[in-house]
Amino acid sequence: MKMTPKTATLLVLAALIALTPFFFPSGYYYRVGALLFVNGIAVTGMVILTGYAGQISLGHAGFAGIGAYACALAPVHWGLHPALAVILGAAISAILAFLVGRPILRLKGYYLGVATLGLGILVAMVLNNERQLTGGPDGMAVPELGLRALLKGWGLTLSNGEFWYFFCGLVLLVGAWLALNLYASPTGRALRALHGSEVAARTVGIDVARLKLQAFVISAVYASVSGSLLALQNKFVTPDVAGFMHSIEMVTMAVLGGVGSVLGAIFGAGILTLLPQVLTVFAEYEQMVLGLVMVLVMIFLREGLLPSVLRKFRGKDE
Amino acid sequence: MLTVEGLRSRYGRIEVLHGIDLEVQSGEIVTVVGANGAGKTTLLRCLSGVQPVSSGTITFRGEALVPVPAYRRLARGLAQSPEGRQIFTNLTVEENLRLGAFLFADDRVEKDMDDAFRMFPVLKEKRNLAAGGLSGGQQQMLAMARALMGRPSCLLLDEPSMGLAPIIVAQIFEVVKGIRDLGVTTLLVEQNAFGALKIADRGYVMETGHITMSGGAEELIADPRIREAYLGI
């Protein structure tokens, strides 16, 4: 039986999410898993922007920050339900990405990198400095999502860790499904085309500027939702979520795992989420080891870990 | 069908087209020949809209073309097979063809693809392979097939013979001749003056941003100046 890559990816992902808990030595690993999925969601957005469309962003943590703070602020100030706050955050991120994306996406290569970097830093600065509203660098509390209590009412009792593990896993699955559908759609094909050659993309009638903007907005929504889920499960948020390091992390995870494939990028998110847990023993060297891993992957496995390894297994048949 | 009048274009401060006039009638194959750096590709880039025009007009099927952005020109019926082929190397052959029909979502896309495969059987064999793996000649065929998928009334071909072996070049020119039978008008820009003039109805000779000669293709082939300068006879 021949499976499409889309079905295969989704099955692998679903199986991993459902089965790994059986090997968890302690409840703590649910927490790690949930973090991995949250990162996976942001990174799936990067696959659409960078892997499909070939555009880079070093400021996507800014959108994660918007998503996170929407969940902290909207319930407190406007009495909005946290679930609706996730949608509000995504909408604000999308609008910001739309407004800023038009001028920014005219840039290419490192100019685009620096412009998006500025965007991310701006969001982080606002969050840091608007003390009365955001609590500044001290951060602020985020209300309970309330879904776990609802599930309990229906007779499904999950621990906090279990709930966030499965909930974030589910959102990741949906995100991956959407991204994979996009890949095969005419829009996805057009995105990959402009990645290959913008001139040729124009000659076949593709509105390159509009399409890049679409990819930028979509990936901003992914980052925003990821930020929201992070804030909701931590029940606390600090401006770090919008910080430069977080932006870099998103790009690094995607590139490390293989930015051209959804599964690869999520795999990268997994490694960079798990590695610090493993490396806690020598915490001082953590950054160094991560840096070394990055350099080695870029030198020896240019396509990213997963695609390169898969190719080795299959032999050179493609 | 296509009229260019007084077209000027520049790269920064350096003007490379100093007022080009040319005309393509419906159903013709018209070729623009000239040496490297004469401005042929710049001319085509102006026509397809990826190069800014500093003055002059382009009229296509009675409409001013200059204000129309590049990606809208295919919808007006003007397709381009760009220089250096510019196929989407990371996509499959079939995906490349489907992108050629990006503007359409009807049943004719499948029919057009069958036609393309009939015209270029080698593409059918390789339809699921990455286009980057095709040979130069096959990539050129793919570029032309992709342009035809956009259902153009006029096709702009930029140096289809570039970098190809002589035997493949002959094949490519045969294909260009065949495009006329599809009812598509062709403007062919070529360094290979002899090959291009042999299949064309009319020709223009371009030198350093000017049209220096024009006329019927047979006439030009017979012209001693051309024979000396371009045909090496």
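Cut-offs used in this document
- Residues numbered from 1 in each chain as written.
- Chains lettered and ligands numbered in written order.
- Predicted model: local features only at pLDDT ≥ 70, side-chain atom pairs only at ≥ 80, totals over all residues.
- Helix = DSSP H or I, 4+ residues; strand = E, 2+ residues; numbered from the N terminus.
- Contact = placed C-beta atoms within 7 Å.
- Buried ≥ 20, exposed ≤ 12 C-beta atoms within 10 Å, placed from the backbone.
- Nonpolar A, V, L, I, M, F, W, Y, C, P; charged D, E, K, R; others polar.
- Pairing = 2+ DSSP bridges.
- Axes fitted to C-alpha atoms, helices over the stretch in contact; angles between N-to-C directions.
- pLDDT = per-residue confidence, 0-100.

Enquirer: Help me out: how do you make sense of the environment of arginine 189 of chain A in this one?
Expert: The topology assignment puts arginine 189 of chain A in helix α9 (residues 186-196). Along the sequence, arginine 189 of chain A and alanine 269 of chain A sit 80 residues apart, while their C-alpha atoms lie 25 Å from each other. With sequence-adjacent residues up to four places away left out, arginine 189 of chain A is seen in contact with Leu91, Glu95, Arg98 and Leu99 of chain B.

Enquirer: Looking at this structure, I do not really get helix α3 (residues 93-100) of chain B. What am I missing?
Expert: Residues separated by three or four positions in an α-helix point in the same direction, a consequence of the helix having 3.6 residues per turn. In terms of burial, α3 of chain B is a largely internal element, seven of the eight residues being buried. Within the sequence span of α3 of chain B, burial applies to Val93, Glu95, Asn96, Leu97, Arg98, Leu99 and Gly100 of chain B. Considering only its buried residues, α3 of chain B is in contact with α9 of chain A together with α4 (108-119), α5 (121-125) and α6 (136-149) of chain B.

Enquirer: So what exactly am I meant to see when it comes to the interface of chain B and chain A here?
Expert: Often the size quoted for an interface is simply the accessible area lost on bringing the parts together. Taken together, the 22 residues of chain B in the interface contact 16 residues of chain A. Every element with two or more residues in the side of chain B that touches chain A is listed here: α2 (70-73) and α3 of chain B. Broken down by element, the residue count for the side of chain B that touches chain A peaks at four residues, all from α3 of chain B. Residues belonging to the side of chain B that touches chain A are distributed by class as follows: twelve nonpolar, seven polar and three charged.

Enquirer: Explain the sheet that holds strand β7 (residues 154-158) of chain B here, please?
Expert: In a beta sheet, neighbouring strands pair by backbone hydrogen bonds and run either parallel or antiparallel. Residues and elements named next belong to chain B. Strand order in the open sheet formed by six strands is β6-β7-β8-β3-β9-β10, and the pairing between neighbours is mixed. For this open sheet the edge positions go to β6 (78-81) and β10 (210-216), each flanked by a neighbour on one side alone. For this sheet, the mean inter-axis angle between neighbouring strands, taken without regard to orientation, is 15°. Looking at chain direction, strand β9 (residues 202-207) and β10 are connected through six bridges and run antiparallel. Along β10, the bridge assignment pairs valine 205 with methionine 213. Each of β6 and β7 is contacted by α6, which is oriented at about 170° to β6, the strand it contacts most. Against the sheet, helix α7 (residues 166-181) engages β3 (29-34), β7 and β8 (185-190), with an angle of about 160° to β8.

Enquirer: Where do I start with the pairing of β7 of chain B in this structure?
Expert: Residues in a regular strand project their side chains so that they alternate between the two faces of the sheet. Residues and elements named next belong to chain B. Most of β7 is tucked away: five of the five residues are buried. In β7, alternate side chains face the same way, and those of Cys154, Leu156 and Asp158 on one face and Leu155 and Leu157 on the other are all buried. Pairing between β6 and β7: four bridges, direction parallel. Within β7, the position partnered with leucine 78 by the bridge is cysteine 154.

Enquirer: Can you walk me through the confidence of the model for chain A in this structure?
Expert: Keep in mind that low pLDDT regions are not for reading the predicted coordinates in detail. Confidence in the prediction for chain A averages 89 pLDDT; 98% of positions are at 70 or higher. Least confident of the elements in chain A is helix α15 (residues 305-314) of chain A, whose mean pLDDT is 76; most confident is helix α11 (residues 208-234) of chain A, at 95.

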